[in-house]
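Listed below are the residues making up each chain.
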Amino acid sequence: MLSYYVVLRSVLRLKPWLRKCLARCRHCGIFFLTDVRNAGRKDLGCPFGCREHHRKRESTRRSVAYYREPEGQVKKHDLNARRRRSSPATPTSDPPPLPWPRPVLDYVRVVVSVIEGRRVLLAEVVEMLWRTLRQHRMVRRRRMDQSVAWLNEQPP
C-alpha cells in the first residue's frame, strides 16, 4: 500500500492538474484518481473492491425487496418452475480470461487516460502491463542480495 501512495504522490507532483481528480473512498478511505467527470464527488468507492462490494450489496437489497412483494413472489415462482423443467445448459466457449482482475484493469485504464489526456483501450493497458513485467531490473547485486533487500524494505 505504501508503494501505491508513493507512485500516486509522484504522479500528482509531476502533473498537478490531476489533483482535482484525487478522490477518497467513502468506505475504506483510500485515495485514488478518478475520471475528470467525477472530480469533486465525495460518494465514490475505490476500484480496489469497495465499489464492487457496494454494487453487489445494493443489488441484493433491491432483489430481496422485489421478491418480498406479491408481484415478485409470482415471478420467482415462475422462474423456479421453469428451472425445474429445463435441461442442463451446454457449456459455451468463453473468451480467454484477463491476467489481472477486471476492476483493477479498468482503474489503470482510467488513470492512464487521465494522465495522457486521451482515451486508452483495455488492450493497450494489458499490453503495457505485460511489457512492464517483462523488463529486467537494472541492478548490480546478486539475485539473493536483491531479494533480501526487497524483503527488508517490504516485510511480509
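This structure is a prediction, so every number in the text was calculated from the model and none was measured.

Could you give me a rundown of a positive patch on the surface, with the residues and numbers involved?
Among the surface-exposed residues, Lys-75, Lys-76, Arg-82, Arg-83, Arg-84 and Arg-85 lie close enough to one another that they form a single positively charged patch. Summarising the element assignment, Lys-76 is placed in helix α3 (residues 70-85). The class of Lys-76 is partly exposed, set by a relative accessible area of 32%.

Pulling in residues and values, what's your account of the side chain of Ser-113?
Summarising the element assignment, Ser-113 is placed in helix α4 (residues 102-116). Here the side chain of Ser-113 touches Arg-109 through a polar contact of 2.8 Å, landing on its backbone oxygen. Not counting residues within four places of it along the chain, the set of residues in contact with Ser-113 comprises Arg-118, Arg-119 and Val-120.

Kindly report on the nonpolar core, identifying the contributing residues and their values.
In terms of nonpolar packing, the biggest core is built from 15 residues, with Leu-12, Leu-18, Cys-25, Phe-32, Leu-33, Cys-46 and Tyr-107 touching the most fellow members. When residues of this core are traced back to their parent elements, those giving at least two are α1 (2-14), β2 (31-33) and α4. Excluding residues that lie within four positions of it along the chain, Leu-33 makes contacts with Tyr-4, Leu-8, Val-11, Leu-12, Leu-18, Cys-21, Leu-22, Tyr-107 and Val-111. Counting residues in each nonpolar core, the second largest holds 5 residues, with Leu-105, Val-120, Val-125 and Val-126 among its members.

Help me get a handle on the state of the cysteines, residues and values and all.
Linking two cysteines covalently via their sulfur atoms produces the bond known as a disulfide. A complete count under the given rule lists 0 disulfides for this structure. This cysteine, Cys-25, is not joined by any disulfide, and Cys-28 carries the nearest cysteine sulfur, 3.6 Å off. Exposure remark for Cys-25: the relative accessible area of 4% places this residue in the buried category. Counting only cysteine sulfurs, Cys-50 is the nearest neighbor of Cys-46, a cysteine outside any disulfide, at a range of 3.7 Å.

Cut-offs applied
- One numbering rule holds for all chains: residues counted from 1, following each sequence as written.
- The predicted origin of the model limits local features to residues at a pLDDT of at least 70 and limits the giving and counting of side-chain atom pairs to 80 or more, whereas totals for whole chains, interfaces and linings rest on all residues.
- To obtain the side-chain values, all non-hydrogen atoms of the structure were used and water was disregarded.
- Distance thresholds for patches are 9 Å for like charges and 5 Å for nonpolar side chains (Val, Leu, Ile, Met, Phe, Trp, Tyr), applied to residues having over 30% relative accessible area and no salt bridge.
- Reported accessibility uses the Shrake-Rupley method at a 1.4 Å probe radius. Residues are deemed covered only where the shown protein chains occlude them.
- One side-chain nitrogen of Lys or Arg within 4 Å of one carboxyl oxygen of Asp or Glu is enough to make a salt bridge.
- Positive charges are assigned to Lys and Arg, negative charges to Asp and Glu, while His and the chain termini are left out of the count.
- The atom standing in for a charge is NZ when the residue is Lys, CZ when it is Arg, CG when it is Asp and CD when it is Glu.
- Secondary structure elements follow DSSP: runs of H or I no shorter than four residues count as helices, runs of E no shorter than two count as strands, and numbering proceeds from the N terminus.
- Residue exposure (1.4 Å probe, protein chains only): buried if accessible area is under 20% of the type maximum, exposed if over 50%, otherwise partly exposed.
- Under this definition, polar contacts are N or O atom pairs within 3.5 Å; protein pairs additionally need one hydrogen-donor-capable and one acceptor-capable atom, and for neighbouring residues in sequence, both atoms have to be side-chain atoms.
- Throughout, a residue-residue contact means that at least one pair of heavy atoms, one from each residue, lies within 4.5 Å.
- Side-chain atoms within 4.5 Å link the members of a nonpolar core, which is a set of buried Ala, Val, Leu, Ile, Met, Phe, Trp, Tyr and Cys residues.
- When two cysteine sulfur atoms are found within 2.5 Å, that pair is recorded as a disulfide.

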